[in-house]
Amino acid sequence: MTDTQRTRHGRTAGMRTALRREIAGTIGLLADEQDFAAMRKYRSFTFDDHTVYLRQVEQLLAALAAKGGHTSVALFDPEEYAEFCAESGIEPDAPTSRTRFTAELAATGPAVAYEGQPFDDLVPALVDESVRQATWQYTSTTLTHIGPCAGCGADIGRAAFARASHLVARAVEAVGRGAHHWVGSVPSNQGTLHAVLHIDATAPGSADLDEVEAMELTTLLALALAHRNAFALVARTTAGRQQRVFGWRLKDERLEPIPAARVFDAYCIDTESGDLTAPEPGVDYCTAPQLADAGPEDRSCH
C-alpha cells in the first residue's frame, strides 16, 4: 500500500468513526424477569440468565458511551412484540425481527437516554417513564371520548379540562417560594393513576415548571372532575433546609386544603400496624393554602 493509499484509508476510517458518533441507537430492555422468561421460548434468544443478561446490556451501554455514541433504552414487551410480528407478517424467532420491533419502540414508545447512570437508577426511571406515558395515553383518550353533557350539550371533557387548568393555575400561584414536588392521584379501574409536577419557584417572582408535566397533571385532574371521582394533590416544598408537606383534595369541583393532622397521619402512621412512626427531620406537615376561585360560573358542567 502506497503512502497515498494509507492516507486515504486513514481518512476513510476517521470519517466512519465520526459518523458512528452521529448515530443514535436504541436498546430494547427486558427489565422484568417474567418478560425475560417469555422471550426464552425463541431459539434465537440465546440468554438463559436474567442477571447475566442485564450485566451484559449495562456493559454494552457503557462501551457505546465510551465511543461517544448516544443510546436510549426502551422497555421490550414480549406480548407487544408477538402482536407486532403477527401484524407485520414477520418471523418472531429472529434477531432481525427484534431489531425491527426495537426501532418501532424508538419511534413511539417511552425511552430513557443512557448517560452513564447505574442500572439501579436507569431501570426504575425507565419503568416510571413507561407508566407515565401509559397514564397520559389513558387519561387523555378517556377524556376525549366522554362526549357531551346531556343537559346543556357542552363537551364534558373540554369543560373539565378548562376547570382543571383553572385549579392548577390557582394552586401554582398559592404555593410561594421554594422547589416544589407535586403528586396528583386518582383511583380508577386501572389502579391508582399518578401524575408528577416539579415547580422551581426559588427565584423571586418566578415559577418555572415543566409544561408536559403540567399538562399531564391537569389532564388527570380533569378526568377526576369529569367522572366526579376522588383526587388528591400532595405537595412537598423545599426552601433552604426546611421542608413543608401539604395537600388538597377535590370536593365539589374545588381543591380543598387537607387538614394538617390528616397530612401528618398519612406520613407518620404505619398503614398496616396503625403505629405512629417518627416524622422526617426538618419536615413540617401543614395545611395547604386556601385557593382563590373565580366562582361557580367557571366550573365544569355535566
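Rules used in this analysis
Here the residue numbering is sequential within each chain, running from 1 through the sequence in written order. It should be noted that, the model being predicted, local features are given only for residues of pLDDT at least 70 and side-chain atom pairs only at 80 or more, the latter also being counted only at that level, while totals for whole chains, interfaces and linings use all residues. To obtain the side-chain values, all non-hydrogen atoms of the structure were used and water was disregarded. Only buried Ala, Val, Leu, Ile, Met, Phe, Trp, Tyr and Cys residues count toward a nonpolar core, and they belong to the same one when joined by side-chain atoms within 4.5 Å. Three exposure classes are used, based on accessible area relative to the maximum for each residue type with a 1.4 Å probe and protein chains only: buried under 20%, partly exposed in between, and exposed over 50%. In this text, helices come from DSSP runs of H or I with a minimum length of four residues, and strands from runs of E with a minimum of two, each type numbered from the N-terminal end. Throughout, a residue-residue contact means that at least one pair of heavy atoms, one from each residue, lies within 4.5 Å. For this analysis, a ring pair means two rings from Phe, Tyr or Trp (six-membered ring only for Trp) whose centres lie within 6.5 Å, classed as stacked if their planes differ by under 30 degrees, edge-to-face if by over 60, and tilted for the remaining angles. Expected span of a helix, by definition, is 1.5 Å for each gap between consecutive residues, and there is one gap fewer than residues. The term salt bridge refers to a pairing of a side-chain nitrogen on Lys or Arg with a carboxyl oxygen on Asp or Glu at a separation within 4 Å. For every residue, the predictor states its confidence as a pLDDT score lying anywhere from 0 to 100. Like charges are joined within 9 Å and nonpolar side chains (Val, Leu, Ile, Met, Phe, Trp, Tyr) within 5 Å, but only among residues with over 30% relative accessible area and no salt bridge; these make up the patches. We get accessible surface area from the Shrake-Rupley algorithm with a probe of 1.4 Å; when it comes to residues, only the shown protein chains can shield them. The charged-residue count follows a simple rule in which Lys and Arg add positive charge and Asp and Glu add negative charge, with His and chain termini not counted at all. Positions of charges follow a simple convention, taking NZ of Lys, CZ of Arg, CG of Asp or CD of Glu. Whenever a helix is involved, its axis is fitted only over the stretch in contact; in every case the axis is a line through C-alpha atoms, and angles between N-to-C directions fall within 0 to 180 degrees. Angle categories are assigned with fixed cut-offs, so that under 35 degrees is roughly parallel, over 145 is roughly antiparallel, 65 to 115 is roughly perpendicular, and the rest are oblique. By definition, turning the near helix anticlockwise from the far helix through less than a right angle yields a left-handed crossing, and turning it clockwise yields a right-handed one. Under the scheme applied, nonpolar residues are Ala, Val, Leu, Ile, Met, Phe, Trp, Tyr, Cys and Pro; charged residues are Asp, Glu, Lys and Arg; polar residues are all the others, including Gly. Cavities and pockets are defined on a 1 Å grid built over the protein atoms alone: a cavity is a set of grid points where a 1.4 Å probe fits but cannot escape, while a pocket is an open set with protein on both sides within 12 Å along at least five of seven lines, and lining residues are those with an atom within 4 Å of any such point. Grid points are joined across faces, edges and corners, and a volume is the space filled by probe spheres set on the points.

A word on the nonpolar core. If you look at the biggest cluster of nonpolar residues, it comprises 35 residues, and the most contacted ones within it are Trp-182, Leu-221, Phe-231, Trp-248, Leu-250 and Leu-255. At the level of secondary structure, the elements contributing two or more residues to this core comprise α7 (156-174), β4 (178-186), β5 (193-201), α8 (211-226), β7 (232-239) and β8 (242-251). At 9 residues, the largest contribution of residues to this core is made by α8. The next biggest cluster of nonpolar side chains, apart from the first, holds 26 residues, and it includes Ala-74, Phe-76, Ile-90 and Leu-105.

Moving on, we get to the side chain of Gln-133. With respect to the helices and strands, Gln-133 occurs in helix α6 (residues 119-144). Apart from residues lying up to four places away in sequence, Gln-133 is in contact with Thr-108, Gly-109 and Pro-110.

Here the structure, examined in full by the defined rule, presents 14 aromatic pairs. Both rings, one in Phe-76 and one in Tyr-81, keep their centres 5.2 Å apart while their planes meet at 50°; by these two values the pair is tilted. As far as burial versus exposure is concerned, Phe-76 and Tyr-81 are alike and both buried. Taken together, a centroid distance of 6.0 Å and an interplanar angle of 65° make the contact between Trp-182 and Trp-248 edge-to-face. Within this pair, whereas Trp-182 is found in strand β4, its partner Trp-248 is found in strand β8, the two being separated by 66 residues in sequence.

What follows covers α6. Between its first and last C-alpha atoms α6 spans 37 Å; for 26 residues at 1.5 Å apiece the expected length is 38 Å, and the two agree. Within the sequence span of α6, burial applies to Phe-119, Leu-122, Val-123, Leu-126, Gln-133, Thr-135, Thr-139, Ser-140 and Leu-143.

Should the charged atoms of two oppositely charged side chains come close, the side chains can pair. All told, the structure shown has 6 salt bridges when counted by the stated rule. Linking Glu-129 and Arg-132 is a salt bridge whose minimum nitrogen-to-oxygen distance equals 2.6 Å. Here the residue Glu-129 and the residue Arg-132 both occupy positions in helix α6, the gap between them amounting to 3 residues, near one helical turn. With relative accessibility at 28%, the residue Arg-132 sits in the partly exposed group. Residues joined by salt bridges that share partners form a network here, namely Glu-129, Arg-132 and Glu-216.

Attention shifts here to the environment of Val-112. Turning to its location among the elements, Val-112 is positioned in strand β3 (residues 111-113). With relative accessibility at 14%, the residue Val-112 sits in the buried group. Considering only alpha carbons, one finds Val-112 and Val-123, 11 residues apart in sequence, at a separation of 8.9 Å. The contacts of Val-112, once residues within four sequence positions are left out, are Thr-71, Ser-72, Val-73, Gln-117, Ala-125, Leu-126 and Glu-129.

A few words now on the confidence of the model for the chain. Averaged over all residues, the pLDDT of the chain equals 84, while 87% of them reach at least 70. Taken as a whole, residues 13-23 scores under 50 in pLDDT and shows 3 contacts with residues more than four places along the chain or in a different chain. Contacts for the low-pLDDT stretch residues 295-299, under 50 throughout, to residues beyond four places or in other chains number 9 contacts.

Glancing now at a negative patch on the surface. On the surface, Asp-32, Glu-33, Asp-48 and Asp-49 cluster together into a negatively charged patch. Residue position: Asp-48 is located in the loop between α2 (33-39) and α3 (50-66).

Another aspect to go through is the packing of α7 against α8. Packing of α7 against α8 leaves a shortest axis separation of 8 Å and a crossing angle of 125°. If you check the angle between α7 and α8, you find them oblique. Judged by the twist between their axes, the crossing of α7 over α8 is right-handed. Across the interface between the two elements, Ile-156, Ala-160, Phe-161, Arg-163, Ala-164, Ser-165, Leu-167 and Val-168 from α7 touch Met-215, Thr-218, Thr-219, Leu-221, Ala-222, Leu-225 and Ala-226 from α8. Its residues assigned to classes, the contact of α7 with α8 shows 11 nonpolar, 3 polar and 1 charged.

Let us now look at unusual backbone geometry. A negative phi holds for most residues other than glycine; trans holds for most peptide bonds. Not every positive phi belongs to a glycine, and Asp-252 is a case in point at roughly 50°. Judged by relative accessible area, which is 56%, Asp-252 ranks as exposed. For Glu-253, which is not glycine, the phi torsion reads 60° and is therefore positive. Within the secondary structure, Glu-253 is located in the loop between β8 and β9 (254-257). Residue classification places Glu-253 among the buried positions, given a relative accessible area of 11%.

A few words on the layout of surface pockets. Quantified by volume, the largest pocket comes out at close to 580 Å³. Those elements giving two or more residues to the lining of the largest pocket turn out to be β2 (70-75), α4 (78-88), α5 (95-108) and α6. Examining the composition of the lining of the largest pocket, we find that 6 residues originate from one element, α6, more than from any other. Taken together, the residues of the lining of the largest pocket break down into 12 nonpolar, 5 polar and 7 charged.

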